[in-house]
Amino acid sequence: MNRETTTPDVVQDGPLVGRIALVAGATRGAGRAIAVELGRAGATVYVTGRTTRTRASEVGRSTETIEESAELVTAAGGTGIAVPTDHLDEDRVRALAERIDREQGRLDVLVNDLWGGEHLLVRSVFGKKSWETPLADGLRILELGARSHVITAALLFPLLIRSDAPLHVEVTDGTAVSNRRYRENMYYDLAKNAPIRLAFGLGQELAEYGGTAVAVSPGFLRSEQMLAHFGVGEENWRDAVAREPAFAIAESPHYLARTVAALAADPDRAARWNGRSTSSGELARAYDVRDVDGSRPDAWAYFEDVVHGGKDASPDDYR
């Protein structure tokens, strides 16, 4: 594996200077943004993913690469290190852990943002009963959304507990509250609830080390894939609202990322968040964080009150 680093153009400064982070699943979307915001706060960030400049993953997008994510971390003021890794390959994850151990001796922040299954949702989940979902696709969803998280936590936690304040972040879709409703399909429901239970359980185990494990969820995310799905860009994303009215509550990946960076910089986070499930909206209120457009969207509150609860309100009331 080649180390991908660049000397930052700015002097490192920020609350996470000297901290070592790994964002597993940082090729694009929330993972990439979290890596960048941790770097902006001064951290050294290892970024992993399956799509490189020479090879695309099963997601089928070559427009974002793990090398580019590392460069963005460095440009933001941190140190980005790209390590192409398939987190379902135990040998590759062990090699990743050994490299971080060799180069840093510990890990302070572990972010599990592993997924890469949107193509399976479109093909085999949306509009289908679980028994209509091809079994191979359903099991792949569980591998991508749950098994990869378990492998990564199991093999990286021996490094994480060497930190004086370990932080483990499980990124998923939905909170424990919102996911009390069935997520349309058995495989998807299991995949997106598993990280919530992982954070709860691992939080119990981290407590004796002064650590924190928390499950976080973005709202309606304006990821690169979602923008492409609607045929818009970040500059004109509101044009998609005519096609999907709920997109009016959408948030950029940097919204969740800024809240995770604030969480990582909070010395009291264990008492406030350990074992909990939360969202970008709740964290943004707690840490006074805003999205790139200055708004503070709370998509899950909007879905709870308006979409499911029938309240007469506009998405603007939740921004």
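Below you will find a few notes about this structure. Model, not experiment: these values are computed from the prediction.

### A short note on the pattern of salt bridges
Applying the stated criterion across every chain yields a total of 26 salt bridges. When the shortest N-O distance is used, the salt bridge between Asp164 and Arg19 registers 2.7 Å. Of this pair, Asp164 sits in the loop between helix H5 (135-160) and strand E5 (167-171) while Arg19 sits in the segment before strand E1 (20-24), and the two are 145 residues apart along the sequence. Judged by its relative accessible area of 60%, Asp164 falls in the exposed class. In this structure, the salt-bridge partner of Glu71 is Arg53, at a minimum N-O distance of 2.8 Å. Remark: Arg53 occurs in the loop between strand E2 (44-49) and helix H2 (66-76) and Glu71 occurs in helix H2; sequence separation between them is 18 residues. Taken together, the shared-partner salt bridges in this structure form one network comprising Arg19, Arg106, Asp108 and Asp164.

### Here we look at unusual backbone geometry
With glycine set apart, most residues show a phi of negative sign, and most peptide bonds adopt trans. Even without being a glycine, Glu184 presents a positive backbone phi close to 80 degrees. Of note, Glu184 is situated in the loop between E5 and helix H6 (186-206). Of note in this structure, Asp288 is not a glycine but carries a positive phi near 55 degrees. Note that Asp288 resides in the loop between helix H10 (280-287) and helix H11 (299-307). Note on Asp288: relative accessible area 58%, which makes it exposed.

What counts and how
Along each chain, numbering runs from 1 in the same order as the chain's sequence is written. Reporting of local features is limited, given that this is a predicted model, to residues whose pLDDT is at least 70; pairs of side-chain atoms are given and counted only at 80 or more, and all residues count toward the totals for whole chains, interfaces and linings. Values reported for side chains reflect all heavy atoms of the structure, with hydrogen atoms and water molecules removed beforehand. Salt bridge, as used here, is a side-chain nitrogen of Lys or Arg placed within 4 Å of a carboxyl oxygen of Asp or Glu. Working definition: helices are DSSP H or I runs of at least four residues, strands are E runs of at least two. Numbering for both runs from the N terminus. Think of it in three bands: with a 1.4 Å probe and only protein chains considered, a residue is buried below 20% of the maximum accessible area for its type, exposed above 50%, and partly exposed in between.

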